[in-house]
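These are the residues of each chain, in order.
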Amino acid sequence: MSSSRDTAVTVVGLGPMGRALAAAFLAAGVRTTVWNRTPGKDRELVAAGAVAAATAEEAAAASPLTVVCLVNYDATDSVLRQEAVTAALKGRTVVNLSADTPDRARDTGRWADEHGIGYLDGAIMTPTTSIGTPAGVFLYSGPEALRVEHRAVLDALGGTHTHLGEEISRAAAYDIALLDIFWTSMAGYAHALAVARAEGISPTELAPFAQGIGAILPPLFQKLAEDVESASYSGEDNPLTSAVSTMAHIVHASEAHGIDASLMRAAEGLARRTVGLGHGAEGFTRVSEVLGRR
């Protein structure tokens, strides 16, 4: 890849993910300028060929494309909405790969429009080790023309890049939904390890069987998604009344060991509420409809 100005990029934010992004751009031959709010995190990148900007304004002015990766949109705003930085970004493009809510994405999109800044909102759905490899997963939303214009540079990050539509908040909405799956799963696994250990099962003994449970989920996700979309909520294989019973077993076993069971109590409570509304013979997916009721 050429390192001309047309394939130049600025990376703002040099936490673990930001450093991984910058390293991938450098490895692909993209002229890369870097800037971080606190100094010292750019040393390895500069040694690899990155240009260190002295200020956020200088960083914004260095490239036609600025990729931002900060902890949230409060941090993003504190950098990009400085008067001098905003002025430097006019006529350029920002791709925001920071994580926050769809509302914040919409607000940032309006700010960018008001100041003549091209804006794509985005999300990274894989860990730092995936950046620059085929395993990376990147989501974008906003003007498709911007995605096309900067495709050559963004594709240097490796992996798959999906444009979800012109509505600026789509990537953030996907991100929230997918992280919901991830963190509730992680919380469930942490709780399972605590219960298993209390019963004399070591984490490494449980892990292979936990992976087996995980392997069941991908085909279930597709089947249950279709179930919810069609509003069939089938309980043929496992009615809610049966699910409630197994959840109660987990609660009782946990609390017998003094282990906090609030996570499973919340799930059991939702299931019991749904049964109480007359849906006991239906499947667990009915809970998603009940959760959305006003």
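These lines cover the structure that appears in this document, whether it is placed above or below. As the structure is a prediction and not an experimental result, all values here were calculated from the model. (Residues numbered from 1 in each chain as written. Predicted model: local features only at pLDDT ≥ 70, side-chain atom pairs only at ≥ 80, totals over all residues. Heavy atoms only, no water.)

### Brief notes about the layout of surface pockets
Rules: Cavities and pockets are defined on a 1 Å grid built over the protein atoms alone: a cavity is a set of grid points where a 1.4 Å probe fits but cannot escape, while a pocket is an open set with protein on both sides within 12 Å along at least five of seven lines, and lining residues are those with an atom within 4 Å of any such point. Grid points are joined across faces, edges and corners, and a volume is the space filled by probe spheres set on the points. Helix and strand definitions here come from DSSP, where helices need a minimum of 4 consecutive H or I residues and strands a minimum of 2 consecutive E residues; each element is numbered from the N-terminal end. Put simply, Ala, Val, Leu, Ile, Met, Phe, Trp, Tyr, Cys and Pro go in the nonpolar bin, Asp, Glu, Lys and Arg in the charged bin, and everything else, Gly too, in the polar bin.
Of the volumes computed, that of the largest pocket is approximately 2,400 Å³. If you go around the largest pocket, you meet 47 residues; those closest to its centre are Ser185, Leu217, Phe221, Leu224 and Phe284. At the level of secondary structure, the elements contributing two or more residues to the lining of the largest pocket comprise helix H9 (170–198), helix H10 (203–229), helix H11 (240–256), helix H12 (262–279) and helix H13 (286–291). Sorting elements by how many residues they give to the lining of the largest pocket places H10 first, with 17 residues. Looking at the second largest pocket, its volume works out to about 670 Å³. The wall of the second largest pocket is formed by 29 residues, among which Met17, Cys69, Leu70, Ala99 and Ile124 lie closest to the centre. Counting residues per element, the ones that place at least two in the lining of the second largest pocket are helix H1 (16–27), strand E6 (118–124) and H9. Residues belonging to the lining of the second largest pocket are distributed by class as follows: 16 nonpolar, 10 polar and three charged.

### Observations concerning the environment of alanine 59
Put simply, the test is: Only heavy atoms matter for contacts: two residues are in contact if any of them lie within 4.5 Å across the pair.
Relative to the elements of secondary structure, alanine 59 occurs in helix H3 (residues 56–61). For the pair alanine 59 and serine 230, spaced 171 residues apart in sequence, the C-alpha separation works out to 49 Å. For alanine 59, the contacting residues outside a window of four places in its chain are Thr10, Thr33, Trp35 and Ala53.

### With respect to the packing of aromatic side chains
Basically, it comes down to this: Two aromatic rings from Phe, Tyr or Trp, using only the six-membered ring of Trp, form a pair when their centres are within 6.5 Å; if the ring planes differ by under 30 degrees the pair is stacked, by over 60 it is edge-to-face, and anything between is tilted.
If you walk through the whole model with that rule in mind, you get one aromatic pair. Taking 4.8 Å as the distance between ring centres and 80° as the angle between the ring planes, the aromatic pair formed by phenylalanine 182 and tryptophan 183 counts as edge-to-face.

### Comments concerning unusual backbone geometry
Phi angles above zero are rare outside glycine, and alanine 231 is one such case at about 60°. With respect to the secondary-structure elements, alanine 231 resides in the loop between H10 and H11. Here tyrosine 233, not a glycine, exhibits a phi torsion of approximately 50°, which is positive. Mapped onto the elements, tyrosine 233 comes out in the loop between H10 and H11.

### Regarding the pattern of salt bridges
The condition is simple: Salt bridges, as used here, are contacts in which a Lys or Arg side-chain nitrogen is within 4 Å of a carboxyl oxygen on Asp or Glu. For the exposure calls, accessible area comes from a 1.4 Å probe over protein chains only, and a residue counts as buried if that area is under 20% of its type's maximum, exposed if over 50%, partly exposed in between.
Applying the stated criterion across every chain yields a total of 12 salt bridges. For aspartate 77, the salt bridge goes to arginine 104, with nearest N and O atoms at 3.0 Å. In this pair, aspartate 77 is assigned in helix H4 (residues 73–80) and arginine 104 in helix H6 (residues 102–114), connecting sequence segments 27 residues apart. Its relative accessible area of 18% is what places aspartate 77 among the buried residues. Relative accessible area serves as the criterion here: at 21%, arginine 104 is assigned to the partly exposed category.

### Focus on the nonpolar core
Put simply, the test is: Take the buried residues of types Ala, Val, Leu, Ile, Met, Phe, Trp, Tyr and Cys, join any two whose side-chain atoms come within 4.5 Å, and each joined set is a nonpolar core.
Counting 29 residues, the largest nonpolar core has Leu21, Phe25, Val67, Val95 and Ile131 as its most contacted members. Mapped by element, the contributors of at least two residues to this core are strand E1 (8–12), H1, strand E4 (65–68), E6, strand E7 (137–141) and helix H8 (151–154). Among the elements that line this core, the one with the most residues is H1, at seven residues. When near neighbours in sequence (up to four residues on either side) are disregarded, isoleucine 131 contacts Met17, Ala20, Leu21, Ala24, Ile124, Phe138 and Leu157.

### Brief notes about the packing of H11 against H12
Between two packed helices, both the angle of their axes relative to each other and the distance between the axes serve to describe the pair. Under the convention used in this document: Helix axes are fitted only over the stretch in contact, all axes being lines through C-alpha atoms; the angle between N-to-C directions runs from 0 to 180 degrees. Each angle receives one of four descriptions, namely roughly parallel if under 35 degrees, roughly antiparallel if over 145, roughly perpendicular if within 65 to 115, and oblique otherwise. In this scheme, a crossing is called left-handed if the near helix is turned counterclockwise away from the far one by less than a right angle; it is called right-handed if the turn is clockwise.
Remark: H11 packs on H12, axes separated minimally by 9 Å, with the N-to-C direction vectors making an angle of 150°. Judged on the interaxial angle alone, H12 and H11 are roughly antiparallel. Considering only the axes of H11 and H12, their crossing is left-handed. Here H11 contributes Leu240, Thr241, Val244, Met247, Ala248, Ile250, Val251 and Glu255 to the contact with H12, which in turn contributes Met264, Arg265, Ala267, Glu268, Ala271, Arg272, Thr274, Val275 and His279. When grouped by side-chain class, the residues that make up the contact of H11 with H12 number 10 nonpolar, three polar and four charged.

### Comments concerning H6
The criterion, for reference: Expected span of a helix, by definition, is 1.5 Å for each gap between consecutive residues, and there is one gap fewer than residues.
An ideal rise of 1.5 Å per residue puts 18 Å on 13 residues; H6 measures up with 19 Å between its terminal C-alpha atoms. Of all the positions in H6, only Pro102, Ala105, Thr108, Gly109, Trp111 and Ala112 are classed as buried. Next to the buried residues of H6 lie H4, helix H5 (83–89), E6 and H9. Looking one or two places after H6, you find glycine 116, whose phi comes out positive at around 70°.

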